[in-house]
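Residue-level listing of the chains:
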Amino acid sequence: MAGGFGIQSIGGVPKDYPGKVTAYVLITCIAAAMGGSDIRFDSFTLTMFTSSLYLAALVTLFSASKVTRSLGRSWSMVLGGTIFLCGAIVNAAAQNIAMLIVGRILLDGFAT
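Everything numeric here is computed off the predicted structure, so don't read it as measured data.

The rules we used
Residues numbered from 1 in each chain as written. Predicted model: local features only at pLDDT ≥ 70, side-chain atom pairs only at ≥ 80, totals over all residues. Heavy atoms only, no water. Helix = DSSP H or I, 4+ residues; strand = E, 2+ residues; numbered from the N terminus. Buried < 20%, exposed > 50% of the residue type's maximum accessible area, 1.4 Å probe, protein only. Polar contact = N/O pair within 3.5 Å; in protein donor to acceptor, adjacent residues only side chain to side chain. Axes fitted to C-alpha atoms, helices over the stretch in contact; angles between N-to-C directions. Parallel < 35°, antiparallel > 145°, perpendicular 65-115°, else oblique. Left-handed = near helix turned anticlockwise from the far one by under 90°. Contact = heavy atoms within 4.5 Å. Expected span 1.5 Å × (residues − 1). Arc of directions from axis to C-beta.

Novice: Hey, could you run me through the side chain of Ser76 in this one?
Specialist: In this structure, Ser76 sits in helix 3 (residues 73-92). A residue is classified by how much of its surface remains accessible, and Ser76, at 11% relative accessible area, is buried. At a separation of 2.4 Å, a polar atom in the side chain of Ser76 contacts the main-chain carbonyl oxygen of Gly72.

Novice: What is the right way to look at the packing of helix 2 (residues 44-71) against helix 3 in this model?
Specialist: Pairs of packed helices are described in terms of their axes, by the angle between the two and the distance that separates them. Relative orientation of the contacting elements helix 2 and helix 3 amounts to 125°, with a least axis distance of 7 Å. Taken as axis vectors, helix 2 and helix 3 run oblique relative to one another. Between helix 2 and helix 3 lies a crossing of right-handed hand. Residue-level contacts link Val67, Thr68 and Leu71 of helix 2 to Arg73, Trp75, Ser76 and Leu79 of helix 3.

Novice: Can you walk me through helix 3 in this structure?
Specialist: Three or four residues apart is the spacing at which side chains of an α-helix point the same way, because the helix has 3.6 residues per turn. End to end, helix 3 covers 28 Å across 20 residues, agreeing with the expected 28 Å (1.5 Å per residue, within 8%). If you check which residues of helix 3 are buried, you get Ser76, Gly80, Ile83 and Gly87. Looking down the long axis of helix 3, one finds its buried residues gathered within 65° of arc, a one-sided arrangement. Away from the buried face of helix 3 by more than 90 degrees, exposed residues Ser74, Trp75, Met77, Leu85, Ile89 and Ala92 are located. Close packing links the buried residues of helix 3 with helix 2 and helix 4 (97-108).

Laid out in structure tokens, this is it:
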């Protein structure tokens with residue numbers, strides 16, 4: 001369970017974990033919060049490439065449940081795998097950044 005609520009140790013005595021905020025924990029959290037953004041590169045193209053995966057996840061979030069209800073779980077997984085395969089093919093054959101972005105969008109189409 002999240003946060004350790006409801007967990008009891010043997011003997012009924014809760015174990016004390018020293019959850020301290022160290023420099024390592026702080027740096028790790030900052031790096032995770034940056035979400036893969038690289039400070040050295042500040043371009044619109046790189047931002048679109050990085051964000052295209054999240055954009056596809058946002059779009060499919062609203063339609064995935066309807067597709068799963070109408071097709072069923074097995075066929076939705078087949079559809080997601082097919083779209084993922086198409087994205088992998090587009091990425092492998094990419095000649096420019098636009099093809100890479102489209103391939104990344106397809107990689108996440110129903111794959112989540």
